[in-house]
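Okay, here's what each chain looks like letter by letter:
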Amino acid sequence: MSISEDIAQQFNDSLERCKRNSLFIKEFYVHFFSSDALVRHIFAHTDMERQIEMLRGSLHMIMLVSQQPETADECLSHTAEIHHRLNIPPYLYDVWLESLIHTVSTMDPKYDADIENAWRAIMRTGIDYMKAYGNPDQP
C-alpha cells in the first residue's frame, strides 16, 4: 500500500523545515544514543559524519519507497543487509523511530499530530522492510 500524496507532502514539508536547522540530524543521534545502551555499543566505532550524511539521504529514500513500495528491494536491500549482518534487534527500529519523532517534535515549528502521523506513516514502510529482511517468519 502506498502513502497518499497529502501525507507525503506533510512529511516532505516537515523534513524541509527540520533540515533548515543544521543540528537536526546530530540532535537525533544525541537522543538516539541516550535511548538505549545497545545503540551506543553498535555505533561505538562509526564514522558519525558519514553516518549523518547517509541518514539525510535515507530519509528521502524512505519517502520514495513509501510512495512506490515496489522499489523497496532496490532502495533498501543494501542497508537492510548491513543491518542484518550487524544483528540489529527488531526493537531498535522502534527506538530509532521514537527518537526521530522526538527530534522532529523539537525541530519542526509546525509540528502537530498530523505531522507526527505523516512521519510515522512514511517511516513505517522502511522500518517494516528492515525488520522483515532476512527473517523468514515475517511476511
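Asks: Is there a simple way to think about the layout of surface pockets in this case?
Replies: Think of a ball as big as a water molecule: rolled over the atoms, this probe shows where empty space is left. When its volume is computed, the largest pocket comes out at roughly 800 Å³. Forming the boundary of the largest pocket are 31 residues, of which Gln51, Met54, Thr79, His83 and Met130 lie nearest the centre. When residues of the lining of the largest pocket are traced back to their parent elements, those giving at least two are helix 2 (24-35), helix 3 (37-42), helix 4 (48-67), helix 5 (72-85), helix 6 (91-107) and helix 7 (113-132). Take the lining of the largest pocket: its biggest share by element is 8 residues, from helix 5. Classifying every residue of the lining of the largest pocket by side-chain character gives 20 nonpolar, 8 polar and 3 charged.

Asks: What exactly am I supposed to notice about the packing of aromatic side chains here?
Replies: Given two aromatic rings, one states the distance between the centres and the angle between the planes to describe the pair. A full pass over the atoms with the stated rule returns 10 aromatic pairs. Measuring from centroid to centroid gives 5.6 Å for Tyr29 and Phe33, while their planes differ by 40 degrees, and the two rings are tilted. Here Phe33 and Tyr29 lie together in helix 2, a separation of 4 residues that amounts to about one turn. In this structure Tyr29 comes out as buried when scored by relative accessible area, which is 5%. Between Phe32 and Phe43, the aromatic rings sit 6.0 Å apart at their centres with planes inclined by 75 degrees, giving edge-to-face as the arrangement. With Phe32 in helix 2 and Phe43 in the loop between helix 3 and helix 4, this pair connects stretches of sequence that are 11 residues apart. Accessibility expressed as a relative area gives 4% for Phe32, which makes it buried. Within the aromatic cluster, the residues linked to one another by ring pairs are Phe28, Tyr29, Phe32, Phe33, Phe43 and Trp96.

Thresholds, definitions, all that
Residues numbered from 1 in each chain as written. Predicted model: local features only at pLDDT ≥ 70, side-chain atom pairs only at ≥ 80, totals over all residues. Heavy atoms only, no water. 1 Å grid on protein atoms, 1.4 Å probe; cavity = no way out; pocket = protein on both sides within 12 Å on 5 of 7 lines; lining within 4 Å. Points joined across faces, edges and corners; volume = space filled by probe spheres on them. Helix = DSSP H or I, 4+ residues; strand = E, 2+ residues; numbered from the N terminus. Nonpolar A, V, L, I, M, F, W, Y, C, P; charged D, E, K, R; others polar. Phe/Tyr/Trp six-rings, centres within 6.5 Å; stacked < 30°, edge-to-face > 60°. Buried < 20%, exposed > 50% of the residue type's maximum accessible area, 1.4 Å probe, protein only.

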